[in-house]
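Each chain is listed here by its residues.
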Amino acid sequence: MTTDELKDYLQNGARFKIKELNVKNGTIEYIAFDTMTITNLADDDFQELYNFFYEGLSEQSRVYFPFYPLLRPQPETPQTVRERIVQWRVESDWFFYVLKDGVHIIGVSLLKRISTGHPVAGIAIADKYHKRGLGTVMLKAAIAQAKLLNLYTIYSGVAPDNDASYALHTKCGFVLTGQTMPYFVTKNGENIIARHDKELILQVS
Ligand SMILES: CC(C)(COP(=O)(O)OP(=O)(O)OC[C@H]1O[C@@H](n2cnc3c(N)ncnc32)[C@H](O)[C@@H]1OP(=O)(O)O)[C@@H](O)C(=O)NCCC(=O)NCCS
């Protein structure tokens, strides 16, 4: 897929004019629109990512988007986030995009476990920026990266009551296939279902 085709894909239906899209060696490196930019997570983004997690997202949003492995288990200091970013780079089969308004991170999207044949997408937008079309741009950035990688499918697990995420994913072409394996917790010596997500799949190409 050419850069112009990707730009058309991102622009189609967007509430913003995409001013710039840079692709280098098969990786989306930079997208600019309105006053915002989308770039790959850098090691030095750790403090902003920490602030986004604790100040930008409500507790409910943090539950919906677990942020593993960067912010789960919850880091005590921003420096821990930096260490985890550096450690995660060893795996090399993930992309993590940060949406910045000026210098502040206000959204993230990711594509991970690309090499396993079961690539997963994730997304979160700061609560006060919801419903402005930013989730759509960020999820489409992750999908555009998947297109560049010629991935066949992307999986996403959405909590049963997360209507916003369900609406966003279906808007971007994901289809409900059923439920993921449930998460269990142990209570009084018994395994009980803690959460049972909806599974949505996008056929990328
Ligand atoms: C899910 C989330 C990323 C959506 O971000 P957003 O920036 O509000 O998304 P958009 O503005 O691009 O909206 C996308 C679509 O979803 C719809 N939508 C948004 N919030 C909605 C809600 N609460 N209920 C129903 N539909 C909703 C919008 O109307 C829009 O559709 P439209 O363009 O046809 O009107 C955001 O709510 C979020 O970060 N939630 C917390 C973390 C989370 O749940 N992550 C996903 C884990 S699976």
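Structure first, text after, so check above.
Only a predicted model underlies this, so the values are computations on that prediction, with no experimental measurement involved. (Residues numbered from 1 in each chain as written. Predicted model: local features only at pLDDT ≥ 70, side-chain atom pairs only at ≥ 80, totals over all residues. Heavy atoms only, no water.)

**Q** Hey, could you run me through the packing of aromatic side chains in this one?
**A** Aromatic ring pairs are described here by two measures, namely the spacing of the ring centres and the angle between the planes. Summed over all chains, the structure comprises ten aromatic pairs. Seen from their ring centres, Trp88 and Phe96 are 6.4 Å apart, and the 80 degrees between their planes marks the pair as edge-to-face. Summarising the burial analysis for this pair, Trp88 and Phe96 share the class buried. The rings of Tyr50, Phe52, Phe53, Tyr54, Phe65, Phe67, Trp88, Trp94 and Phe96 are connected pair by pair, giving a single aromatic cluster. Looking at Lys147, its charged tip hangs above the ring of Tyr9, at a distance of 4.6 Å from the centre. Over the ring of Tyr166 we find Lys198; its NZ or CZ atom is 4.5 Å from the centre of that ring. (Phe/Tyr/Trp six-rings, centres within 6.5 Å; stacked < 30°, edge-to-face > 60°. Buried < 20%, exposed > 50% of the residue type's maximum accessible area, 1.4 Å probe, protein only. Lys NZ or Arg CZ within 6 Å of the ring centre and 35° of its normal.)

**Q** Quick question: what am I supposed to make of the site of the ligand here?
**A** Around the ligand there are 22 residues in total, and Ile123, Ile125, Lys131, Thr136 and Asn162 lie nearest to it. Here His130 contributes a side-chain N or O atom positioned 3.4 Å from an oxygen atom of the ligand. The side chain of Lys171 places a nitrogen or oxygen atom 2.9 Å from an oxygen atom of the ligand. Out of a free accessible area of 940 Å², the ligand has 77% covered by protein chains. When atom positions are compared with the pocket grids, the ligand is found to occupy the largest pocket. Among the secondary structure elements, those contributing two or more residues to the shell around the ligand are α3 (59-64), β6 (120-125), α5 (134-148), β7 (153-158) and α6 (163-171). In terms of residues, the shell around the ligand owes the most to one element, α6, which gives six residues. Residues belonging to the shell around the ligand are distributed by class as follows: ten nonpolar, eight polar and four charged. (Near = heavy atom within 4 Å. Polar contact = N/O pair within 3.5 Å; in protein donor to acceptor, adjacent residues only side chain to side chain. Areas by Shrake-Rupley, 256 points an atom, 1.4 Å probe, with all protein chains shown as cover. 1 Å grid on protein atoms, 1.4 Å probe; cavity = no way out; pocket = protein on both sides within 12 Å on 5 of 7 lines; lining within 4 Å. Sits in = over half its atoms within 2 Å of the grid points. Helix = DSSP H or I, 4+ residues; strand = E, 2+ residues; numbered from the N terminus. Nonpolar A, V, L, I, M, F, W, Y, C, P; charged D, E, K, R; others polar.)

**Q** I'm lost on helix α2 (residues 46-56) in this one. Help?
**A** Structural remark: α-helix, 3.6 residues per turn; residues separated by three or four positions point the same way. Turning to α2, its buried residues number three or more, namely Phe46, Glu48, Leu49, Tyr50, Phe52 and Phe53. Taken together, the buried residues of α2 touch α3, α4 (78-88), β4 (95-101), β5 (104-112) and β6. (Contact = heavy atoms within 4.5 Å.)

**Q** Could you clarify how one ought to interpret the environment of Gly178 in this entry?
**A** Counting through the fold element by element, Gly178 comes out in strand β8 (residues 175-179). Classification of Gly178 by relative accessible area gives partly exposed; the value is 27%. Spatially, the C-alpha atoms of Gly178 and Gln60 are 23 Å apart, while their sequence positions differ by 118 residues. With sequence-adjacent residues up to four places away left out, Gly178 is seen in contact with Asp197, Lys198 and Glu199.

**Q** It is not clear to me how the pairing of β5 should be interpreted in this structure. Could you clarify?
**A** Two faces, one strand: in a regular strand the side chains alternate between the faces of the sheet. Of all nine residues making up β5, eight are buried, and the element is well covered by its neighbours. As paired elements, β4 and β5 share seven bridges and run antiparallel to each other. Bridge pairing in β5 links Phe95 to Leu111. Where β5 and β6 come together, six bridges link them in antiparallel fashion. Bridged to Leu110 within β6 is Gly122. (Pairing = 2+ DSSP bridges.)

**Q** How should I be thinking about unusual backbone geometry in this particular structure?
**A** Trans is the prevailing form of peptide bonds, just as negative phi is the prevailing case for residues other than glycine. A cis amide bond, omega 5 degrees, links Tyr68 with the succeeding residue Pro69. Summarising the element assignment, Pro69 is placed in the loop between α3 and α4. Geometrically, the link from Arg72 to Pro73 is a cis peptide bond, its omega value of -5 degrees lying close to zero. Topologically, Pro73 is positioned in the loop between α3 and α4. Positive phi values are uncommon outside glycine, yet Phe67 reaches one of about 65 degrees. Residue position: Phe67 is located in the loop between α3 and α4. Of note, the phi angle at Arg113 is positive, near 55 degrees, even though the residue is not glycine. Mapped onto the secondary structure, Arg113 falls in the loop between β5 and β6.

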